Amino acid sequence: MDTVEKIVEDFASDIAMSSFSGTRLRDMIRAIRACKTAAEERAVVRRECAAIRTSISENEPHLRHRNMAKLMFIHMLGYPTHFAQMECLKLIAAAGFPEKRVGYLGLMLLLDERQEVLMLVTNSLKQDLNHPNQFIVGLALCALGNICSAEMARDLSPEVERLMRSREVNTKKKAALCSIRIVRKVPDLAENFMALAASLLKEKHHGVLISALQLCTELCKASKDALEYLRKNCIEGLVRILRDVSNSSYAPEYDVSGIADPFLHIRALKLMRILGQGDADCSEYMNDILAQVATKTESNKNAGNAILYECVQTIMGIEATSGLRVLAINILGRFLSNRDNNIRYVALNMLMRAITVDALAVQRHRTTILVCVKDADASIRKRALELVFLLVNDTNVKPLSKELIDYLNIADPDFKGDLTAKICSIVEKFSQDKLWYLDQMFKVLSLAGSHVKDDVCHALIVVLSNASELQGYSVRSLYKALQAYGKQGSLVRVAVWCIGEYGEMLVNNVGMLDGEEPVTATESDAVDAVEVALNRHSADVTTGAMCLVALLKLSSRFPSASERVRQIVGRNKENVVLELQQRSIEFSSIMQKHQSIRSSLLERMPVLDEASYLVKRATATQATISADKLAPAVTPGGLKLSNGVAKPPSAPLVDLLDLSSDDAPASTIASTTTPNDFLQDLLGIGGVSSSTAGVPSTASTDILMDLLSIGSSPSQNGTPVVGHPGQESKPIPAAPEAIDLLGSLSSSTPVSEIKATSALPQAMDLLDGLSSSTSVSGLEKTAHPSITAFQSPTLKITFDFKRQPGNPRETTIHATFTNLTSSTFTDFIFQAAVPKFIQLRLDPASGNTVPANGNGSVTQGLNVTNNQQGQKPLAMRIRMSYKANGEERLEQGQVSNFPSGL
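- Going by an unreviewed UniProt entry, the protein carries the name AP-1 complex subunit gamma and comes from Urochloa decumbens.
- In the Sequence similarities (unreviewed entry) part of its UniProt record, the protein is described as follows: "Belongs to the adaptor complexes large subunit family."
- Under the Function (unreviewed entry) heading, UniProt states for the protein: "Subunit of clathrin-associated adaptor protein complex 1 that plays a role in protein sorting at the trans-Golgi network and early endosomes (TGN/EE). The AP complexes mediate both the recruitment of clathrin to membranes and the recognition of sorting signals within the cytosolic tails of transmembrane cargo molecules."

Section: the overall build of the protein
Working step 1: What the protein contains, in helices and strands, is 36 helices and 13 strands.
Working step 2: In the protein, which comprises 902 residues, the proportion classed as buried is 49%.
Working step 3: Nonlocal contacts in the protein, meaning residues at least 24 apart in sequence, comprise 68% of its contacts between residues at least 6 apart.

Overview of unusual backbone geometry
Working step 1: A positive phi angle, near 45 degrees, is found at Asp-261, a position not held by glycine.
Working step 2: Within the secondary structure, Asp-261 is located in the loop between β2 (259–260) and α15 (262–276).
Working step 3: One non-glycine residue, Asn-853, lies in the positive phi region at around 60 degrees.
Working step 4: Assignment of secondary structure puts Asn-853 in the loop between β10 (838–842) and β11 (857–866).

Side note on the sheet that holds strand β12 (residues 876–884)
Working step 1: Read from one edge to the other, the open sheet built from three strands follows the order β9-β12-β13, with strand pairing classed as antiparallel. A single partner strand is all that each edge strand has here, and the edge strands are β9 (825–833) and β13 (887–895). Adjacent strand axes in the sheet meet at a mean angle of 15 degrees, parallel and antiparallel pairs treated alike.
Working step 2: Across nine bridges, β12 lies against β13 in antiparallel orientation. Paired with Ser-881 across the strands is Leu-890, a residue of β13.

So, the pairing of β10
Working step 1: Most of β10 sits inside the fold, with five of its five residues counted as buried.
Working step 2: With burial as the criterion, each face of β10 is covered, one bearing Ile-838, Leu-840 and Leu-842 and the other bearing Gln-839 and Arg-841.
Working step 3: Looking at chain direction, β10 and β11 are connected through five bridges and run antiparallel. Paired with Arg-841 across the two strands is Asn-863, which belongs to β11.

A closer look at the packing of helix α14 (residues 235–247) against helix α16 (residues 280–296)
Working step 1: Between α14 and α16, the shortest axis-to-axis distance is 10 Å and the interhelical angle comes to 10 degrees. In terms of their interaxial angle, α14 and α16 are classed as roughly parallel. Contact residues: Ile-235, Glu-236, Val-239, Leu-242, Arg-243, Ser-246 and Asn-247 in α14; Cys-282, Tyr-285, Met-286, Ile-289, Gln-292, Val-293 and Lys-296 in α16.
Working step 2: Across the contact of α14 with α16, the residue classes break down as eight nonpolar, three polar and three charged.

Brief notes about the confidence of the model for the protein
Working step 1: In the predicted model, the protein carries a mean pLDDT of 79, and 79% of its residues have values of at least 70.
Working step 2: This model gives residues 11–22 a pLDDT under 50, and the stretch forms 14 contacts once residues within four places in sequence are excluded.
Working step 3: Here residues 629–782 scores under 50 on pLDDT; set against residues more than four positions off or in separate chains, the count is 281 contacts.

Topic: the environment of Leu-139
Working step 1: One can find Leu-139 in helix α8 (residues 134–147).
Working step 2: Classification of Leu-139 as buried rests on a relative accessible area of 16%.
Working step 3: Once the C-alpha coordinates of Leu-139 and Lys-100 are considered, the two residues, 39 residues apart in sequence, prove to be 7.9 Å apart.
Working step 4: When sequence neighbours within four positions are dropped, the list of residues in contact with Leu-139 reads Phe-97, Lys-100, Arg-101 and Tyr-104.

Some points on the packing of aromatic side chains
Working step 1: Within the structure shown, the criterion is met by nine aromatic pairs.
Working step 2: Both rings, one in Phe-799 and one in Phe-801, keep their centres 6.4 Å apart while their planes meet at 85 degrees; by these two values the pair is edge-to-face. Just as Phe-799 is buried, Phe-801 falls in that class too.
Working step 3: Ring geometry for Phe-828 and Tyr-882: centres 6.2 Å apart, planes at 20 degrees, overall stacked.

Things to note about the state of the cysteines
Working step 1: For the coordinates displayed, the defined rule picks out zero disulfides.
Working step 2: Cysteine Cys-234 shares no disulfide, and the gap to the nearest cysteine sulfur, in Cys-216, comes to 4.7 Å.

Details of the pattern of salt bridges
Working step 1: Taken as a whole and assessed by the stated rule, the structure comprises 30 salt bridges.
Working step 2: The partner of Asp-128 in a salt bridge is Lys-100, with the nearest N and O atoms 3.0 Å apart. Residue Asp-128 is found in helix α7 (residues 122–129), and its partner Lys-100 is found in helix α6 (residues 97–110); the two are separated by 28 residues along the sequence.
Working step 3: Each of the salt bridges in this network shares a partner with another, and the network as a whole consists of Asp-528, Glu-531, Arg-564 and Arg-571.

Some words on the environment of Ala-361
Working step 1: With respect to the secondary-structure elements, Ala-361 resides in helix α20 (residues 359–363).
Working step 2: Between the alpha carbons of Ala-361 and Leu-351 there is a distance of 9.9 Å; along the sequence they are ten residues apart.
Working step 3: Setting aside residues no more than four positions away along its own chain, Ala-361 makes contact with Val-326 and Ile-329.

Quick look at the side chain of Arg-64
Working step 1: Within the secondary structure, Arg-64 sits in helix α4 (residues 64–76).
Working step 2: Polar side-chain contacts of Arg-64 include one of 2.9 Å to the side chain of Asn-59.
Working step 3: Sequence-distant contacts of Arg-64, that is, excluding residues within four places in its chain, are made with Asn-59, Glu-87, Lys-90 and Leu-91.

Points about the packing of α6 against α8
Working step 1: Here α6 crosses α8 at 5 degrees, and the two axes come no closer than 10 Å. In terms of orientation, α6 lies roughly parallel with respect to α8. Contacts between α6 and α8 pair Phe-97, Lys-100, Arg-101, Tyr-104, Leu-107 and Met-108 from the former with Phe-135, Ile-136, Leu-139, Ala-140, Cys-142, Ala-143, Asn-146 and Ile-147 from the latter.
Working step 2: Its residues placed into classes, the contact of α6 with α8 shows eleven nonpolar, one polar and two charged.

Some points on α16
Working step 1: Its 17 residues place the ends of α16 24 Å apart at the C-alpha level, agreeing with the 24 Å of an ideal helix rising 1.5 Å per residue.
Working step 2: At Asn-287, α16 shows its maximal kink, close to 40 degrees.
Working step 3: Buried residues of α16: Cys-282, Ser-283, Met-286, Asn-287, Ile-289, Leu-290, Val-293 and Ala-294, and no others.
Working step 4: Contacts made by the buried residues of α16 are with α13 (224–233), α14, α15, α17 (302–317) and α18 (322–336).
Working step 5: For α16, the capping residue at the N-terminal end is Asp-279, with a side-chain oxygen 3.1 Å from the backbone nitrogen of Asp-281.

Topic: the environment of Val-362
Working step 1: Secondary-structure assignment places Val-362 in helix α20.
Working step 2: For Val-362, a relative accessible area of 0% puts it in the buried group.
Working step 3: Not counting residues up to four positions away in its chain, the partners in contact with Val-362 are Ile-329, Leu-351, Ala-354, Ile-355, Ile-369 and Leu-391.

Description of the side chain of Thr-794
Working step 1: Looking at where Thr-794 falls in the secondary structure, it is placed in the loop between β6 (782–791) and β7 (795–803).
Working step 2: By relative accessible area, Thr-794 is classed as buried at 18%.
Working step 3: Among the polar contacts made by the side chain of Thr-794, one reaches the side chain of Glu-891 at a distance of 2.5 Å.
Working step 4: Not counting residues within four places of it along the chain, the set of residues in contact with Thr-794 comprises Thr-818, Asn-819, Leu-820, Thr-821, Phe-825, Tyr-882, Arg-889 and Glu-891.

What counts as what
Residues numbered from 1 in each chain as written. Predicted model: local features only at pLDDT ≥ 70, side-chain atom pairs only at ≥ 80, totals over all residues. Heavy atoms only, no water. UniProt positions renumbered as here; feature names shortened; annotations may be inferred. Helix = DSSP H or I, 4+ residues; strand = E, 2+ residues; numbered from the N terminus. Buried < 20%, exposed > 50% of the residue type's maximum accessible area, 1.4 Å probe, protein only. Contact = heavy atoms within 4.5 Å. Pairing = 2+ DSSP bridges. Axes fitted to C-alpha atoms, helices over the stretch in contact; angles between N-to-C directions. Parallel < 35°, antiparallel > 145°, perpendicular 65-115°, else oblique. Nonpolar A, V, L, I, M, F, W, Y, C, P; charged D, E, K, R; others polar. pLDDT = per-residue confidence, 0-100. Phe/Tyr/Trp six-rings, centres within 6.5 Å; stacked < 30°, edge-to-face > 60°. Disulfide = S-S within 2.5 Å. Salt bridge = Lys/Arg side-chain N within 4 Å of Asp/Glu carboxyl O. Polar contact = N/O pair within 3.5 Å; in protein donor to acceptor, adjacent residues only side chain to side chain. Expected span 1.5 Å × (residues − 1). Bend = angle between axes of the 7 residues up to and from the residue.

Dropping the structure here:
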C-alpha cells in the first residue's frame, strides 16, 4: 500500500512540476497554490527542498537569500526546514544589508533559543551591535529581542546598555525592547538597567517612552530593588508624561479617534498601578493626575473608554482617597449604561472587585446592576447576578429579593436555574424571620419549582418542622400554590409532605395569622390535591413515593376518607415502578389489617434537629468541594472511587428494604448515600437520628421505621430504634430482603409491646409474620476470633467478625487498617472481590488518611453473605491503593484464613 501511495505522489509531482522552474519564490508559491490535493503539495515542497539542498551543497552564494526566503515560506506551511539552519548564519555573516535582513528574519523564524546552532551566532550579533549602520544595529537588536537565551543575554547585555544611550531614537527604542527580553531571561541583570530606564522617561519621542514604560514595568516584576528605585525616581516622570499627553494639542501621528496616544496613556497608568500598590506616599502623589485623567477623558469613543477603564483599575489598585474611589466607581456605573456589551461586561467584572474596597459606593448603582440582570446577553446576566449576590446585606435583602423573584416570571428557562439558586442562597443567608423566609421560598417554588434543588427543599422542611406556630399558615399557602402551580416538581414534593403531616390544620384552619384569609378546603379536597399530584407526576419516583406516604397519613388523619385513600393507593399495586408497587402493597396492608395500630404508626414526624441538619449540610458541601478539587483522573483501567463506593446509585430513592442484594454482582456492592438524597433525609435519616463518630451509616438503616414514625427516640450508633414514648427502646436490624418489619404484630397487639425482631424468614408478608404470643429477644451477636487478613512491611489489616444467630449466612466484618511506616498514607482506597456465591457490601470508610507509625487507624465495615455456607468457605481478594510522600502505591492479596463456619 505504501508503494502505491509513493507512485501516486511521484506521478502528482511530475504533473505539478512540468512547468515549475524552481528558481524564484513567486514560482514556488504559484505552484503550491495550484495544487489541488495534499499529495501534490507535498510533492512540490519535496521537489523544491531537494533543489535547495543541491544549491546549498554546490555553494551558490547568489541564490542563498532566495533559497532562505523560500524556506521561510515552506516553514510557515509546516514542513521541516532544519537542514538550512547554517544558511541563516552565512547570510548574517554577509556584509550587505539585504542578505543580513533575510538572514536575521530566517534566524528568528526557523530557530529558537533551544537550538544549539544559536550559540554560533553570538559573535555575529556582537559585531552587528557595534556596526556603524543603524539599520544593521536595528536588525541585530530585533533578533536578540526575539530569540535571546540566558547565555546570550549575559554576553551581549553590555552592548545593549551602550545602545540605550545612543542618539538615534529608533536604536534607543529597540534597545529598550531588547532589554526587556534580557531582564526576563536573567533577572539578576535588572540592576544594570534601572538607571537607564529611568533616564529614558525624560525623552520626548512617544516610541521611546512606551518602550521605557514597558521596561520599567518588567523591572518592577523582576526585582524588588528595582521597584523601590523606580518609586523614588520615576513617579515625577510618570506624572509629567500623563499630564503632557493629556494636555497635548492635536498630533496626527499619535491621534486615535480624537484621543492623543491612548497606548502611552495606558502604559503609564499600568506602571503607576504597580508603583502605587501598597505605597501611600506614591499613591498620594498620583491622586491629582488620576483625577484629571478620569474627568477630562471623553467616554464617547472606544479609545477613551480604554483609558478610563485602565484609570479605574489604577485607582482601585493603589492607596487612593475615598473620593477618588467613588469617582472610579461612578465611571464604572456610566459604563453599565453603555450600549457596548463588552464595556458593560468589563464594568461588572471591575465592580465585583471594587465591592471589597468600597461597597457603599457600589450600592449606589444597584438599580443599574439589576437592569443588567435582565439583559438579553447571557454572559452579562450571569455576571450581574453574581454582583447582585455580593451586594445583598441585611438592609437591602428584602427589596433585592423582591426584584429577583419578580424577574423569575419572565426569565429565560436557561437562566432560571442560576437565578433560582442565587435567590435561595440569599433568602437562606439573610432571612430575618421565619415567616418572611417561608413566604419567599413559597414564591420561588411556585415560579421556578422545577429548578429548586433537593437540599433546598429539605432545608425548607426542616424549618417547617421547627416552626410549629407557622405550620398551619404554611400548609394553607402550599395548598393554594399547589392548585395554581401544580407542574412545579419541588413545590409538589414540599406541598404533599405538608398536607400529609398537617392536613387537619388545612381543613380546620388551625393557626390563623393576623390578616390571613381562611382557606375553604374539605378532607376530600386535601385528598384530591394529593391524588392529582400523584397522577400528574407518576413518572417521578420520588414525588410518587411521597404522595403515597402523604395519602397513608391522611387515611389516619381523615377517617372518613380512609376508604377512598385505600382505593387510590391500591391502584398502584401493579405499578411498573417497583418502588411505588412495593409501597402500595405495604401501605394497603397497613390500612386493611392493622387498624388498631395505624394511628400510632402514622403519627407526625418528630421535630427535625435544625442545628444538626445545618452541620450535616455544611459538612456535605465541604466534602463535595474537596472531592471536586481532589478527584483523580479516570484511567482506562477503571474508576477510582472512594472507599465503599463501587458504582453511583441508579436512582435518588433509597432501596427501602435492601432489595438490590437479590441480584448483586460478584464484585463489590456499594452502600452509600448522597448528600442531596432528598427522600432519605426527608424520612428522618440523619435529621433526628445521630451516629457516633467513626461508625459509618449504611443504606440498610431502617427507613420504614422513620417512614411510619413509630416513636421518637434517636438511634444509637447508627442502629435504628423503635419504641413507644415512655418505654425502653430496642434496636431493630435492617431487613435483608422483602420482609415484613411489622410481621410480629397481630391486630390485637398493643403498640407498647413492640419489640425488636431478629431472624425473619425471607419473602414474608410485611405485616403477617409472628403471632402475638411469639417471644422476641434483643439482638445478640456471636463473635469469632479476629484474624490478620493482610500484612506487609507497610500495611496491616485485621478483620473482626460478628454474626446474628438467626441468619448464619450473613457476617459483619470490621476491618482495621494500620500504617506500619513513618509516612502518612493519603487517598487510601480499599477494594474487595468475592466469588459469585458470595454477596459483598462495603460500607464507607471512617477516613482516607492512615496515620504513620500505627498512631491511629482507619476502619471500614463489610457485610458478607455466603449463599453456600457450610459447603464452601469464605474467600476474598483485596486491593489497597494509597499515596505515600506523593507517590502512588498499590498492594493486593488474598484472604483465605477466615474462621470456619462462615
